[in-house]
Amino acid sequence: MDQTSKSKSQEPDPPIGHPSSLRFVSDRCPTSSSHPDREEPPPPASTVVAMEARDWAAVPRDILLDVFFKLGPREVLLGAEFMCMAWQCATLDEHTLWRRVGMEPFHWPWRYVGEVAEAATRFAAVDHAAGQCEAFKGNCDDEELMYLVQRAPCLKSLDVCHTYDERSAKVLVEALRKFTVLEDLLIQFRYHIDGDDNLLGSVCQACPQLK
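Keep in mind that this is a model prediction, so the values were computed, not measured. (Residues numbered from 1 in each chain as written. Predicted model: local features only at pLDDT ≥ 70, side-chain atom pairs only at ≥ 80, totals over all residues. Heavy atoms only, no water.)

1. Notes on the overall build of the protein
Reasoning step 1: Helix and strand counts for the protein come out as nine helices and four strands.
Reasoning step 2: Taken from the N to the C terminus, the helices and strands of the protein come in the order α-α-α-α-α-β-α-β-α-β-α-β-α.
Reasoning step 3: Burial analysis of the protein (211 residues in total) assigns 28% to the buried set.
Reasoning step 4: In the protein, 64% of the contacts between residues at least 6 apart in sequence involve partners at least 24 apart. (Helix = DSSP H or I, 4+ residues; strand = E, 2+ residues; numbered from the N terminus. Buried < 20%, exposed > 50% of the residue type's maximum accessible area, 1.4 Å probe, protein only. Contact = heavy atoms within 4.5 Å.)

2. Examining the confidence of the model for the protein
Any residue range with low pLDDT should be treated as having predicted coordinates unsuitable for detailed reading.
Reasoning step 1: For the protein, per-residue confidence averages 75 on the pLDDT scale, and 65% of positions sit at 70 or higher.
Reasoning step 2: Mean pLDDT values over the elements of the protein span from 43, in helix α2 (residues 19–28), up to 92, in strand β1 (residues 100–101).
Reasoning step 3: pLDDT under 50 marks residues 14–33. Its contacts with residues more than four places away, or in other chains, come to seven contacts. (pLDDT = per-residue confidence, 0-100.)

3. Re the packing of aromatic side chains
One pair of aromatic rings is described through two measures. These are the centre distance and the angle between the planes.
Reasoning step 1: Scanning the entire structure with this criterion turns up three aromatic pairs.
Reasoning step 2: Taken together, a centroid distance of 5.8 Å and an interplanar angle of 75 degrees make the contact between Phe 68 and Trp 87 edge-to-face. Pair noted here: Phe 68 is in helix α3 (residues 61–71) and Trp 87 is in helix α5 (residues 85–93), with a separation of 19 residues, a long-range link. Like Trp 87, Phe 68 is buried. (Phe/Tyr/Trp six-rings, centres within 6.5 Å; stacked < 30°, edge-to-face > 60°.)

4. Structural notes on helix α6 (residues 115–129)
Each α-helix turn comprises 3.6 residues. Residues three or four places apart therefore point the same way.
Reasoning step 1: The first and last C-alpha atoms of α6 sit 21 Å apart over 15 residues, in line with the 21 Å expected at 1.5 Å per residue.
Reasoning step 2: Regarding α6, the residues found buried are Glu 118, Ala 119, Thr 121, Arg 122, Phe 123, Ala 125, Val 126, His 128 and Ala 129.
Reasoning step 3: Where α6 is buried, its residues contact α4 (73–77), α5, β1, β2 (135–140) and α7 (142–151).
Reasoning step 4: Phi turns positive, to about 55 degrees, at Ala 130, one or two residues after α6. (Expected span 1.5 Å × (residues − 1).)

5. So, unusual backbone geometry
Reasoning step 1: One non-glycine residue, Ala 130, lies in the positive phi region at around 55 degrees.
Reasoning step 2: Along the chain, Ala 130 turns up in the loop between α6 and β2.
Reasoning step 3: Assessed through its relative accessible area of 46%, Ala 130 is described here as partly exposed.

6. Re the packing of α3 against α5
Reasoning step 1: Orientation of α3 relative to α5, taken along the N-to-C sense of each, is 70 degrees, at an axis distance of 11 Å. On the basis of the axis angle, α3 is roughly perpendicular to α5. For α3 against α5, the interelement crossing comes out right-handed. Only Ala 86, Trp 87, Cys 89, Ala 90, Thr 91 and Asp 93 of α5 make contact with α3, whose side of the interface consists of Arg 61, Leu 64, Leu 65 and Phe 68. (Axes fitted to C-alpha atoms, helices over the stretch in contact; angles between N-to-C directions. Parallel < 35°, antiparallel > 145°, perpendicular 65-115°, else oblique. Left-handed = near helix turned anticlockwise from the far one by under 90°.)

7. As for the nonpolar core
Reasoning step 1: Residues Phe 68, Phe 136, Leu 148, Leu 155, Leu 158, Leu 176 and Phe 179 are the most contacted members of the largest nonpolar core, which totals 37 residues.
Reasoning step 2: Residues within four places of Phe 136 in sequence aside, it is in contact with Val 101, Met 103, Arg 122, Phe 123, Val 126, Leu 148, Leu 155, Ser 157, Leu 158, Asp 159 and Val 160. (Core = buried A, V, L, I, M, F, W, Y, C linked by side-chain atoms within 4.5 Å.)

8. Digging into a nonpolar patch on the surface
Reasoning step 1: Judged by side-chain polarity, Ile 63, Val 67 and Leu 71 come together as a nonpolar surface patch covering roughly 240 Å² of accessible area.
Reasoning step 2: Within the secondary structure layout, Ile 63 lies in helix α3.
Reasoning step 3: Look at Ile 63 and you get partly exposed, because its relative accessible area is 46%. (Patch = residues over 30% accessible without salt bridge, like charges linked within 9 Å, V, L, I, M, F, W, Y side chains within 5 Å. Areas by Shrake-Rupley, 256 points an atom, 1.4 Å probe, with all protein chains shown as cover. Salt bridge = Lys/Arg side-chain N within 4 Å of Asp/Glu carboxyl O.)

9. A few points about the pairing of β2
Two faces belong to every sheet, and in a regular strand the side chains alternate between them.
Reasoning step 1: One ladder, built from two bridges, connects β1 with β2; its direction is parallel. When the bridges of β2 are listed, Arg 100 appears paired with Ala 135.
Reasoning step 2: Where β2 and strand β3 (residues 157–162) come together, six bridges link them in parallel fashion. Counted as the bridge partner of Asn 139 is Cys 161 from β3.
Reasoning step 3: Between β2 and its parallel partner β3, the chain crosses via α7, and the hand of that crossover is right-handed. (Pairing = 2+ DSSP bridges. Right-handed = clockwise from strand over helix to strand, strands pointing away.)

10. As for the side chain of Glu 118
Reasoning step 1: In this structure, Glu 118 sits in helix α6.
Reasoning step 2: Judged by its relative accessible area of 6%, Glu 118 is buried.
Reasoning step 3: Of note is the side chain of Glu 118, whose polar atom sits 2.7 Å from the side chain of Arg 74. (Polar contact = N/O pair within 3.5 Å; in protein donor to acceptor, adjacent residues only side chain to side chain.)

Here is the structure:
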């Protein structure tokens, strides 16, 4: 064996990834021409899949109401019920959704919509309850308090911030007498009442069911 043939036989194999190595591998791969009966695999499906339009009105009512109960009356009235007619009908038909008004945890300031709108939201929830509201929390002037008497006669819990003066005190006591099943009461006066024992006594007499 001459020196030239010896050097060729000792030449190392090309590294993986080298063009000659790739050609060597491809030369040994079966091709469609070597297997005429083998069918070519179909081309891969496109990875871009069009999103199907979601029919939110078709959400099962039990699931929908479960979400609404977690949101609370305020959040439902601020937007959820306006999603579609089916959602609005669900909120109006389910009176138990509105039994506790204003009892939601504190919301972030950016969700505050102003005192007038907040009050309107609370009393709209009372209307939705159709007489089944059992707990109410919020600011009330004399007119709103008497409206609450008419629309929520079954109140068991009342937490209000109320304006105090001689006339308002009489309206307050008169309203409390009409809440015949009231058990829990918290009144925050917007002005200092200087320990008016007469008012406190009148409140206690008006609500004999207080715990």
